[in-house]
Amino acid sequence: MSLSPARWNGLAIALHWLAAALILFLLAEGWTMIHAGLSAATTFDLYQLHKSFAFVVLALTAARLAARAAFTAPAAATGPSWEQRLAALVQASLYALTLGAILAGWLVVSASPLPIPTKFFDLFVIPNIARADNAVFAGARFAHALMAYAIAGLVALHVAGAVKHHWIDRDDVLARMLPRRR
């Protein structure tokens, strides 16, 4: 199947917004699981849902990276070179941190001293990638949290950049990334 540039662009936009929505959901849900003081049963259910959606984001991120490798990305916005480098760094960091946070989370549940299986939307069990190990568990948990906070900060910077382009530069960067109706 061959994708025209217009179809590819539409697919890239759809994948971007779907991944963005799920990442924001995961950040909010992760914060809720840790800080909301919910019942143990509710927290357990949220953890299972969190892990399932994380694997969806892992697949989406892999698909986005494969698509970026296979297709030419739209031209970058015009502007100062430092701004273009910052935008590229933020985008690359979001990809890397998303993958890193998910893999660290997978390592957390794999190395956990509590052998609770990860059930993908209650359909099947995701295999562990490590054996139970308290030190690995603690390190992966710290890394997972650190990367989640870094993602939240970079998302804020990414949004600020889009808003700047729209309201200050008055260019079409944000408009190009909005879904189009036919």
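For the structure, see preceding data.
Note on numbering: residues in each chain are counted from 1, in written sequence order. It should be noted that, the model being predicted, local features are given only for residues of pLDDT at least 70 and side-chain atom pairs only at 80 or more, the latter also being counted only at that level, while totals for whole chains, interfaces and linings use all residues. To obtain the side-chain values, all non-hydrogen atoms of the structure were used and water was disregarded.

Caption draft 1: Geometry of the overall build of the protein. For the purposes of this entry, the term helix denotes a DSSP run of H or I that reaches at least four residues, the term strand denotes a run of E that reaches at least two, and both are numbered from the N terminus. The secondary structure content of the protein amounts to five helices and two strands. Reading the protein from its N end, one meets helices and strands in the order α-α-α-β-β-α-α. Along the longest, intermediate and shortest principal axes, the C-alpha atoms of the protein span 50 × 40 × 25 Å. Under the scheme applied here, a residue whose accessible area is under 20% of the maximum for its type counts as buried, over 50% as exposed, and between as partly exposed, the area being computed with a 1.4 Å probe on protein chains only. With 182 residues in all, the protein has 30% of them scored as buried.

Caption draft 2: Highlighting unusual backbone geometry. For Phe121, which is not glycine, the phi dihedral falls at a positive 45°. Looking at the element boundaries, Phe121 is found in the loop between β1 (118-120) and β2 (124-126). Owing to a relative accessible area of 33%, Phe121 belongs among the partly exposed residues under this scheme. If you check the backbone angles, Asp122 has positive phi at about 60° while not being a glycine.

Caption draft 3: Here's a closer look at the packing of helix α3 (residues 81-111) against helix α4 (residues 134-169). Following both chains from N to C, one finds α3 and α4 inclined at 150°, their axes separated by 8 Å at the closest point. Comparing their axes, α4 and α3 come out roughly antiparallel. Crossing handedness for the pair α3 and α4: left-handed. Each residue belonging to the contact of α3 with α4 can be placed in one class, and the counts come to 18 nonpolar, eight polar and four charged. The angle between two axes is taken between their N-to-C directions and runs from 0 to 180 degrees, where each axis is a line fitted to C-alpha atoms and a helix contributes only its stretch in contact. Roughly parallel means an angle under 35 degrees; roughly antiparallel means over 145; roughly perpendicular covers 65 to 115; every other angle is labelled oblique. Whether a crossing is left-handed or right-handed is set by the direction in which the near helix is turned from the far one by less than a right angle, anticlockwise for left-handed and clockwise for right-handed. Each residue gets one label: Ala, Val, Leu, Ile, Met, Phe, Trp, Tyr, Cys and Pro are nonpolar, Asp, Glu, Lys and Arg are charged, and the others, such as Gly, are polar.

Caption draft 4: Main features of a nonpolar patch on the surface. Residues Phe25, Leu49, Phe121, Leu123 and Phe124 make up a contiguous nonpolar surface patch of roughly 460 Å² in combined accessible area. Note that Leu49 resides in helix α2 (residues 40-70). What makes Leu49 partly exposed here is its relative accessible area of 31%. Patch criteria: residues need more than 30% relative accessible area and no salt bridge. Like-charged residues are merged within 9 Å; nonpolar side chains of Val, Leu, Ile, Met, Phe, Trp and Tyr are merged within 5 Å. Calculation of accessible area relied on Shrake-Rupley with a 1.4 Å probe; when residues are assessed, cover is drawn exclusively from the protein chains displayed. Here, a salt bridge means any side-chain nitrogen of Lys or Arg that lies within 4 Å of a carboxyl oxygen of Asp or Glu.

Caption draft 5: Expanded view of the side chain of Ser52. Within the fold, Ser52 resides in helix α2. For Ser52, a relative accessible area of 2% gives the class buried. Contacts were defined at the residue level, with two residues in contact if any of their heavy atoms lie within 4.5 Å. Once you skip the residues sitting within four places of it in the chain, Ser52 turns out to touch Lys119, Phe120 and Phe121.

Caption draft 6: Spatial organisation of the nonpolar core. Core analysis: the biggest nonpolar cluster contains 24 residues, and Phe55, Val57, Leu94 and Ile151 have the highest contact counts within it. The set of elements that each furnish at least two residues to this core consists of α1 (5-35), α2, α3 and α4. A total of eight residues in this core trace back to one element, the largest contributor, which is α3. Setting aside its immediate chain neighbours within four residues, Ile151 contacts Ile23, Leu27, Leu94, Leu97, Thr98 and Ala101. Within this scheme, the nonpolar core is defined by two criteria: the residues are buried Ala, Val, Leu, Ile, Met, Phe, Trp, Tyr or Cys, and they are joined through side-chain atoms within 4.5 Å.

Caption draft 7: Spotlight on the pattern of salt bridges. Applying the stated criterion to the full structure yields two salt bridges. The partner of Glu83 in a salt bridge is Lys164, and the shortest N-O contact between them spans 2.9 Å. Within this pair, whereas Glu83 is found in helix α3, its partner Lys164 is found in helix α4, the two being separated by 81 residues in sequence. We note a salt bridge from Arg131 to Asp133, for which the minimum N-O separation is 3.9 Å.

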